[in-house]
Amino acid sequence: MSPRWGRRLGAFVFLGPGVAYLAVLLLVPLALILSYTVFRRGRFGGIVYEFTTENFSRLFDPLYLDVVLTSIKLATLTTVFALLLGYPTAYLIARLPRTWKTVALVAIVLPFWTNFIIRVYAWTILLSGPGLINSALGTQMELLYNHGAIVTGLLYSYLPLMVLPLYAAIEKLDPQLREASANLGASAFTTFRRVTLPLTLPGVATGCLFVFVPSFGNFVIPEILGGGRTATVGTLIRAEFLKSRDWPFGSTLALAVILVLIVLLVIQSWVSRRG
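Residues numbered from 1 in each chain as written. Predicted model: local features only at pLDDT ≥ 70, side-chain atom pairs only at ≥ 80, totals over all residues. Heavy atoms only, no water.

Asker: Tell me about the overall build of the chain, and please be specific about residues and values.
Answerer: Within the chain, the regular secondary structure consists of 13 helices and two strands. Principal axes of the C-alpha set define a box for the chain whose edges measure 75 × 75 × 35 Å. Expressed as a percentage of its 275 residues, the buried residues of the chain come to 35%. Relative to all contacts within the chain whose residues are 6 or more apart in sequence, the contacts with residues 24 or more apart total 67%. Per element, the accessible surface of the chain, about 16600 Å² overall, is 70% carbon and sulfur. (Helix = DSSP H or I, 4+ residues; strand = E, 2+ residues; numbered from the N terminus. Buried < 20%, exposed > 50% of the residue type's maximum accessible area, 1.4 Å probe, protein only. Contact = heavy atoms within 4.5 Å. Areas by Shrake-Rupley, 256 points an atom, 1.4 Å probe, with all protein chains shown as cover.)

Asker: Outline the side chain of T78, listing residues and values.
Answerer: Looking at the element boundaries, T78 is found in helix α3 (residues 62-95). Residue T78 is classed as buried on the basis of its relative accessible area of 0%. Here T78 is in contact with V151, L154, L155, V211 and S215, once residues within four sequence places are set aside.

Asker: If you had to explain the packing of helix α5 (residues 116-127) against helix α7 (residues 147-171) to someone new, which residues and values would you point to?
Answerer: Contact geometry for α5 and α7: axes closest at 11 Å, N-to-C directions at 140 degrees. Judged by the inter-axis angle, α5 sits oblique to α7. Note that α5 runs across α7; the crossing there is right-handed. Of α7, the residues touching α5 (which contributes F116, R119, W123 and L127) are A149, T152, Y156, S157 and Y158. Here the residues of the contact of α5 with α7 are counted per class, giving six nonpolar, two polar and one charged. (Axes fitted to C-alpha atoms, helices over the stretch in contact; angles between N-to-C directions. Parallel < 35°, antiparallel > 145°, perpendicular 65-115°, else oblique. Left-handed = near helix turned anticlockwise from the far one by under 90°. Nonpolar A, V, L, I, M, F, W, Y, C, P; charged D, E, K, R; others polar.)

Asker: Summarise the packing of α3 against helix α12 (residues 233-242); cite the residues concerned and give the values.
Answerer: Axis separation between α3 and α12 bottoms out at 8 Å; the angle between their running directions is 135 degrees. Our classification of the angle between α3 and α12 gives oblique. Listed contacts from α12 to Y64, V67, V68 and S71 of α3 are V233, L236 and E240. For the contact of α3 with α12, the residue count by class is five nonpolar, one polar and one charged.

Asker: Run through helix α4 (residues 98-109), naming residues and quoting values.
Answerer: Compared with the 16 Å implied by 1.5 Å per residue over 12 residues, the 17 Å span of α4 between its first and last C-alpha is a close match. For α4, the full list of buried residues reads K101, A104 and I108. Taken down its axis, α4 places every buried residue within 70 degrees of arc, on the same side. On its buried face, α4 is in contact with α3 and α7. (Expected span 1.5 Å × (residues − 1). Arc of directions from axis to C-beta.)

Asker: Talk me through the nonpolar core; I want residue IDs and the actual numbers.
Answerer: Of all hydrophobic cores here, the largest spans 29 residues; its most connected members are A90, I93, L166, I221 and L225. Those elements that provide at least two residues to this core are α3, α4, α5, α7, α10 (201-217) and α11 (220-224). Sorting elements by how many residues they give to this core places α7 first, with 11 residues. Excluding residues that lie within four positions of it along the chain, A90 makes contacts with V163, L166, Y167 and I170. Within the second largest apolar cluster, 12 residues are counted, among which are A75, V233, I237 and F249. (Core = buried A, V, L, I, M, F, W, Y, C linked by side-chain atoms within 4.5 Å.)

Asker: How would you explain α10 if you had to name every residue and give the values?
Answerer: With 17 residues, α10 should cover 24 Å at 1.5 Å per step; its first-to-last C-alpha distance of 24 Å lies within 8% of that length. Its buried side turned inward, α10 meets α3, α7, α9 (188-199), α12 and α13 (247-274).

Asker: Residues and numbers for the side chain of T232, please.
Answerer: With respect to the helices, strands and loops of the structure, T232 is situated in the loop between α11 and α12. In contact with T232, not counting residues within four places along its chain, are V67, S71, L74, N218 and P222.

Asker: Lay out the UniProt feature "transmembrane region" (unreviewed entry) in the chain in plain terms, naming residues and giving numbers.
Answerer: In the numbering used here, UniProt assigns the "transmembrane region" (unreviewed entry) feature to residues 12-39, 67-90, 102-124, 144-168, 199-221 and 247-267. The span residues 199-221 is 87% helical and 0% strand by assignment, and the distance between its end C-alpha atoms comes to 34 Å. From the first C-alpha to the last, residues 247-267 spans 30 Å; its make-up is 100% helix and 0% strand. (UniProt positions renumbered as here; feature names shortened; annotations may be inferred.)

Asker: So, the packing of aromatic side chains: which residues are in play, and what are the values?
Answerer: In this structure the tally under the stated criterion is six aromatic pairs. Centre to centre, the rings of Y36 and W247 are 6.4 Å apart; their planes meet at 35 degrees, and the pair counts as tilted. Separated by 211 residues along the polypeptide, Y36 in helix α1 (residues 3-36) and W247 in helix α13 bring together distant segments of the chain. The positively charged end of R119 is found above the aromatic ring belonging to F112, 5.6 Å away from the centroid. (Phe/Tyr/Trp six-rings, centres within 6.5 Å; stacked < 30°, edge-to-face > 60°. Lys NZ or Arg CZ within 6 Å of the ring centre and 35° of its normal.)

Asker: For the pattern of salt bridges, give the residues involved together with the corresponding values.
Answerer: All told, the structure shown has five salt bridges when counted by the stated rule. For R58, the salt bridge goes to D246, with nearest N and O atoms at 3.0 Å. Pair noted here: R58 is in helix α2 (residues 54-58) and D246 is in the loop between α12 and α13, with a separation of 188 residues, a long-range link. According to the relative accessible area criterion, R58 is partly exposed, its value standing at 22%. The exposure class assigned to D246 is buried, which follows from its relative accessible area of 7%. R238 is the salt-bridge partner of E223, the closest N and O atoms lying 3.7 Å from each other. Of this pair, E223 sits in helix α11 while R238 is found in helix α12, placing the two residues 15 residues apart along the sequence. Looking at E223, the relative accessible area reads 29%, which means it is partly exposed. (Salt bridge = Lys/Arg side-chain N within 4 Å of Asp/Glu carboxyl O.)

Here it is as structure tokens:
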């Protein structure tokens, strides 16, 4: 066998299973979603294979635009809070001794070892009227079934996805750059603003992407911590597929979310290249 065919065979052996997995479980479902968007819903659900563009025009209905704006607002708040909490956390972890870095990183990913639904339901106990937080404060505040509860649940669930990319970006920084900045008379804040932050922007963009995207499409947390009172894109897609059985419009909504994801990936790639 020639070396070229040997390399091709090796690439097929190693890449073949992964490519087949993605093709069957990702590309085929995406193709079905894309094809359903141009058909009509049947009288009792399902699909009628008649071409229409009505599903796309429904996206611009004020009712659905309000749902999209609400989802963007919740995802943006979650991303901003995750960045404000995640950056100093990642920075401190990067400055720890090697042994303690491992301990801190394990602590960051430890919640992922617990079932996601169980973690979300645990917050209902903490935020409920007679829950631990109100009991500790001696108040009876309405902490559950509102936007604050949703953002809290999203932040708790996806904060590690912000910390880990930021830690990787900060860890790669050459400490001599900060030393040079200090030797030239720059203050700690100036060094952070003009050296550390610009060099870690790719990590910031990646962390924001990792938090915003799942927050934008999540439906479990708005259903449980929001009590189903707040309609988001995720809950709307779930309702269209499972309750209304309007698969064409549900597919159109899913396609819109995918397009948003593509735009965010392009922005993240551009920021990474600039960094």
